[in-house]
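Residue-level structural notes
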Amino acid sequence: MNIDSIVNQQFHGKSFSELVKAPLTALCGVNEQQAQAFAGIGVHTVGDLANLQVLNYAIAIKALSGCEGMSSKQQAEEGLLDDAVEMTFPASDPISVDAGITRIEVAPDKVEASTDHQHVQSIEAHNEEALGNAAIRTGYLQKEEGGNR
């Protein structure tokens, strides 16, 4: 934004520090009568206007008003997004975290993350060896039990 487009001619080329201390009439669209009205509530400079808390409230309300009045489709999409986030991050609910632990497996030593999905059988062999050849259930039936491996 070209700052000179929002300040009057006599304030063109001024630094921001100078503009903050400038009278309200430095702003395009603010005449002397309006500046005097603001002076009645203690606003004399551009900086005073920027610090006016009521003005910040009004700006926030206007910005948030654009979020109201969503169509039913937008509300449904927002609800689905909220549900998806909740399902993706169940750690916010300690009960679901505890309920999600169904088994403990021995972690393989330094398995490369990019290839571990391709070497499942070697990982299972490592786990069996680490547990003293105890049978490990991985959720699939073993070959000798009529399963698919």
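For the structure given in this document, a descriptive report is provided here. (Residues numbered from 1 in each chain as written. Predicted model: local features only at pLDDT ≥ 70, side-chain atom pairs only at ≥ 80, totals over all residues. Heavy atoms only, no water.)

1. Structural notes on the overall build of the chain
If you tally the helices and strands in the chain, you get seven helices and zero strands. The order of α-helices and β-strands along the chain, N terminus first, is α-α-α-α-α-α-α. Counting the 149 residues in the chain, one finds 13% classified as buried. Considering only residue pairs separated by 6 or more positions, the chain has 16% of its internal contacts joining residues 24 or more positions apart. Working note: accessible area of the chain is about 11900 Å², and carbon and sulfur atoms make up 58% of it. (Helix = DSSP H or I, 4+ residues; strand = E, 2+ residues; numbered from the N terminus. Buried < 20%, exposed > 50% of the residue type's maximum accessible area, 1.4 Å probe, protein only. Contact = heavy atoms within 4.5 Å. Areas by Shrake-Rupley, 256 points an atom, 1.4 Å probe, with all protein chains shown as cover.)

2. Quick word on helix α4 (residues 53–65)
Its 13 residues place the ends of α4 18 Å apart at the C-alpha level, agreeing with the 18 Å of an ideal helix rising 1.5 Å per residue. Counting buried positions along α4 yields zero of 13 residues, so the element is predominantly exposed. (Expected span 1.5 Å × (residues − 1).)

3. Regarding the nonpolar core
Leu24, Leu27, Ala35, Val43, Val46 and Leu49 together form the largest nonpolar core, which totals six residues. If we ignore the near neighbours within four places in the chain, the residues touching Leu27 are Ile6, Val7, Asn8, Val46 and Leu49. Counting residues in each nonpolar core, the second largest holds five residues, with Val7, Phe11, Leu19 and Ala22 among its members. (Core = buried A, V, L, I, M, F, W, Y, C linked by side-chain atoms within 4.5 Å.)

4. Here we look at the environment of Gly47
In this structure, Gly47 sits in helix α3 (residues 46–50). In the structure, Gly47 is positioned 25 residues away from Ala22 in sequence and 7.9 Å away in space, judged by C-alpha atoms.

These figures come from the coordinates and say nothing about function on their own.
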